[in-house]
Amino acid sequence: MAVGKQSEALSTNRTTMERTSDLELVIRRTFRAPAPIVFDAYTKPEYVRRWWAPASRGVRMVQCDVEFTLGGAYRYVIARGDDERYCFFGKYVEIARPTRLVYTQTFEPFPEAETLVTVSFEEHDGVTQFVAHERYASKEALDMALGTGMEDGMRETFEQLDDLVVSLRG
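Residues numbered from 1 in each chain as written. Predicted model: local features only at pLDDT ≥ 70, side-chain atom pairs only at ≥ 80, totals over all residues. Heavy atoms only, no water.

Along the backbone of the protein chain there are five helices and eight strands. Secondary structure elements in the protein chain, listed N-terminal to C-terminal, are α-β-β-α-α-β-β-β-β-β-β-α-α. A globule of 170 residues ought to have a C-alpha radius of gyration of about 15 Å, and the protein chain, at 16 Å, matches this closely. Out of the 170 residues belonging to the protein chain, those deemed buried represent 41%. At a minimum sequence separation of 6, the contacts of the protein chain that also span at least 24 residues come to 47%. Summed over its atoms, the accessible surface of the protein chain is roughly 9000 Å², and 51% of this surface lies on carbon and sulfur atoms. Here the protein chain carries 21 positive and 27 negative side-chain charges, and the mean point of each set is 3 Å from the other. (Helix = DSSP H or I, 4+ residues; strand = E, 2+ residues; numbered from the N terminus. Rg over C-alpha atoms; globule rule 2.2 N^0.38 Å. Buried < 20%, exposed > 50% of the residue type's maximum accessible area, 1.4 Å probe, protein only. Contact = heavy atoms within 4.5 Å. Areas by Shrake-Rupley, 256 points an atom, 1.4 Å probe, with all protein chains shown as cover. Lys, Arg positive; Asp, Glu negative; His and termini not counted. Charge placed at Lys NZ, Arg CZ, Asp CG, Glu CD.)

Written as structure tokens, this is what we have:
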């Protein structure tokens, strides 16, 4: 692809979400950096802190604990103001840097609604196609997640992640 056409294609890149069943959601995004950079920005706490909370909504990350090993745990807490706190946590099931990551994710108020997330990072010509398959515990859990405004928040945070990976390319 010519540089002009690549730039044009990337400038129209958007995060897409598709509900593929009662339990499954597929998220796709192309990031403007090689897979190792995207993988690291997606998993290393010093980078996650910089993109995971949607800034335009007045949300900030207040806790980012990561034990990035097979079977290791993570805990992300985001906040809006002094009173609103939202916690997500889980464990790493599979780590194959920089091409694949499998982990669980739970939104703290609903510990019985664990989601299994399988992410692939596929690089072509210095850009990375990110595909996440999320499998929810129930139809109700997926309905609830979508009802929170997750789609708009994820679009914004992935824009922030894209800006970060571009800056890390050097």
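Right, let's talk about the packing of aromatic side chains for a bit. Under the defined criterion, the tally for this structure stands at 21 aromatic pairs. With a centroid separation of 4.9 Å and an interplanar angle of 85 degrees, the aromatic rings of phenylalanine 68 and tyrosine 92 are classed as edge-to-face. Here the residue phenylalanine 68 occupies a position in the loop between β3 (59–66) and β4 (73–80), and tyrosine 92 occupies one in strand β5 (residues 84–96), the gap between them amounting to 24 residues. The exposure class assigned to phenylalanine 68 is partly exposed, which follows from its relative accessible area of 28%. An angle of 45 degrees between the planes, with centres 5.0 Å apart, marks the rings of tyrosine 74 and tyrosine 76 as tilted. (Phe/Tyr/Trp six-rings, centres within 6.5 Å; stacked < 30°, edge-to-face > 60°.)

Turning to the sheet that holds strand β2 (residues 24–31), a few remarks are in order. An order of β1-β2-β8-β7-β6-β5-β4-β3 is seen for the eight strands of this open sheet, with the pairing classed as antiparallel. One side of each edge strand has no neighbouring strand; the edge strands of this open sheet are β1 (16–19) and β3. Here the strands of the sheet are splayed against their neighbours by 20 degrees on average, with no regard to which way each runs. Here eight bridges tie β4 to β5, and the two strands are oriented antiparallel to one another. Residue pairing in the sheet places valine 77 in a bridge with cysteine 87 of β5. (Pairing = 2+ DSSP bridges. Axes fitted to C-alpha atoms, helices over the stretch in contact; angles between N-to-C directions.)

Bridging between β1 and β2 involves four bridges; their strand directions are antiparallel. Residue pairing across strands places threonine 16 opposite arginine 28, the latter belonging to β2. Counting the residues in the hairpin turn of β1 and β2 gives four residues.

Moving on, we get to the environment of glutamate 46. In this structure, glutamate 46 sits in helix α3 (residues 45–51). Taking C-alpha positions, glutamate 46 is 8.5 Å from cysteine 64, a pair spaced 18 residues apart along the chain.

For the protein chain, mean pLDDT is 91; residues scoring 70 or higher make up 92% of the total. Here residues 1–12 is a poorly scored stretch, pLDDT under 50, and it has seven contacts once near neighbours within four places are set aside; other chains count. (pLDDT = per-residue confidence, 0-100.)

Right, let's talk about the pattern of salt bridges for a bit. Note on pairing: side chains with opposite charge can pair once their charged atoms come close. For the structure shown, the criterion picks out 14 salt bridges. The salt bridge involving aspartate 162 is made with arginine 32; its shortest N-O contact spans 2.6 Å. Residue aspartate 162 is located in helix α5 (residues 150–169), and its partner arginine 32 is located in the loop between β2 and α2 (35–43); the two are separated by 130 residues in the primary sequence. The class of aspartate 162 is buried, set by a relative accessible area of 3%. Look at the salt bridges and you will find they share partners, linking Arg14, Arg29, Arg32, Glu159, Asp162 and Asp163 into a network. (Salt bridge = Lys/Arg side-chain N within 4 Å of Asp/Glu carboxyl O.)

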